[in-house]
Amino acid sequence: MIQYTLKCTDGHRFDSWFQSADAYDKLAGAGMVSCAICGSSKVEKAIMTPRVRPARTTSAPEAPQQGALSEPAGAAEQALAELKRKIEETSDYVGKDFVREARAMHDGDAPERSIYGEAKPEDARALIEDGVPVTPLPFLPNRKTN
Ligand SMILES: [Zn+2]
């Protein structure tokens with residue numbers, strides 16, 4: 001079975017299940033797929049919005065196209081900028097040592113402090129499973145290269 005999000009010429013969107021992609025093509029070709037809302041048989045597969053990938057925590061370039069997307073900063077963006085500023089002010093950036101540092105603090109091998117840095121998703125998951133409180137940041141840290 002395969003699920004498609006379909007839309008009719010009136011812009012109604014609905015989800016429908018089909019035996020297979022072929023089955024969909026045959027039914028649609030025969031005009032047998034109709035809009036769940038208005039019954040129109042002029043229906044096509046809606047363009048799916050790709051899911052946003054989780055923020056890369058490794059070697060992603062520092063948002064190179066940021067200037068190109070010159071949308072005015074919305075409230076959410078400003079809140080994010082504020083959060084980022086706060087974290088950068090009050091926490092130490094430990095980069096790729098994050099997992100080791102977080103674990104050391106959790107185990108009492110290092111003094112507790114606020115840190116942020118980079119962890120692979122599987123490492124972050126392992127930390128959480130071990131009871132280390134980590135939170136994914138909604139932004140990529142600025143690398144401090146000095
Ligand atoms: Zn419709």
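Thresholds applied
Within each chain, residues carry numbers counting from 1 in the order of the written sequence. Selection of residues for local features in this predicted model requires a pLDDT of at least 70, selection of side-chain atom pairs for listing and counting requires 80 or more, and totals for whole chains, interfaces and linings are taken over all residues. The basis for the side-chain values is all heavy atoms of the structure; hydrogens and waters are excluded. Each metal's donors are the N, O and S atoms found within 2.8 Å of it, except that Na, K and Ca use a 3.2 Å limit; water is left out, so coordination can look incomplete. Square planar and octahedral sites, with four and six donors, are those where opposite donors lie more than 155 degrees apart and all other angles lie between 65 and 115, tetrahedral sites have four donors with every angle between 85 and 135 degrees, and the rest are irregular. Accessible area is worked out with a 1.4 Å probe on protein chains only. A residue is then buried under 20% of its type maximum, exposed over 50%, and partly exposed in between. To define axes, lines are fitted to C-alpha atoms, for helices over the stretch in contact only, and angles between the resulting N-to-C directions are given on a 0 to 180 degree scale. A run of H or I in DSSP becomes a helix once it reaches four residues, and a run of E becomes a strand once it reaches two; helices and strands are each numbered from the N terminus. Here the word oblique covers every angle except those under 35 degrees (roughly parallel), over 145 (roughly antiparallel) and from 65 to 115 (roughly perpendicular). Working rule for contacts: check all heavy atoms of both residues, and any pair within 4.5 Å makes them a contact. Paired strands, in this sense, are two strands between which DSSP finds at least two bridges. For the handedness criterion, the strands are oriented away from the viewer, and a crossover whose path from the first strand over the helix to the second runs clockwise is classed as right-handed. For salt bridges, the criterion is a side-chain nitrogen of Lys or Arg within 4 Å of an Asp or Glu carboxyl oxygen. Per residue, pLDDT captures the predictor's confidence, and it can take any value from 0 to 100. The criterion for an aromatic pair is that two Phe, Tyr or Trp rings (for Trp, the six-membered ring) have centres within 6.5 Å, with stacked assigned to planes under 30 degrees apart, edge-to-face to planes over 60 apart and tilted to the rest. Note on geometry: a ring has a charge over it if NZ (lysine) or CZ (arginine) is within 6 Å of the ring centre and within 35 degrees of the ring normal.

## Description of the coordination of the zinc ion
Summarising the metal site, the zinc ion is bound by the protein donors C8 (SG), H12 (ND1), C35 (SG) and C38 (SG), whose distances to it range over 2.0 to 2.3 Å. Because the angles between the 4 donor atoms bound to the zinc ion fall within 104 to 115°, the donor set is best described as tetrahedral. Along the chain, the residues that donate to the zinc ion are spaced as C-x3-H-x22-C-x2-C. C8 gets classed as buried once you look at its relative accessible area, which sits at 4%.

## Some words on the packing of helix α3 (residues 98–106) against helix α4 (residues 121–129)
At a minimum axis distance of 10 Å, the contact between α3 and α4 shows a crossing angle of 5°. What the angle tells us is that α3 and α4 run roughly parallel. In contact with F98, V99, A102 and R103 of α3, α4 contributes D123, A126 and L127.

## Overview of the sheet that holds strand β3 (residues 43–45)
If you trace the 3 strands from one edge of the open sheet to the other, you get β2-β1-β3, paired in antiparallel fashion. Strands with a single pairing partner mark the edges of an open sheet, and in this sheet they are β2 (13–18) and β3. Across the sheet, the mean angle separating the axes of adjacent strands is 40° when strand polarity is ignored. As paired elements, strand β1 (residues 2–8) and β2 share 6 bridges and run antiparallel to each other.

## Description of the pairing of strand β4 (residues 92–95)
When β4 meets strand β5 (residues 115–117), the two strands line up parallel, connected through 3 bridges. Paired with G95 across the strands is G117, a residue of β5. In this region the chain leaves β4, passes through α3 and returns to the parallel neighbour β5; the handedness of that crossover is right-handed.

## Quick notes on the pattern of salt bridges
All chains considered together, the criterion is met by 9 salt bridges. One continuous salt-bridge network, built from bridges that share partners, spans E82, R85, K86 and E89.

## Some points on the confidence of the model for the protein
Confidence in the prediction of the protein, expressed as mean pLDDT, is 80, and 78% of residues score 70 or more. Scored below 50 in pLDDT, residues 64–70 shows 0 contacts in the model against residues more than four places distant or in partner chains.

## Some remarks on the packing of aromatic side chains
Summed over all chains, the structure comprises 4 aromatic pairs. For the ring pair Y4 and Y24, a centre distance of 5.0 Å and an interplane angle of 65° mean the geometry is edge-to-face. Placement of Y4 in strand β1 and of Y24 in helix α1 (residues 21–29) is noted, with a sequence separation of 20 residues between them. A relative accessible area of 13% places Y4 in the buried class. Of the aromatic side chains, those joined through ring pairs into one cluster are Y4, F18 and Y24. The ring of Y4 has K45 sitting right over it, with the charged end atom 4.5 Å from the ring centre.

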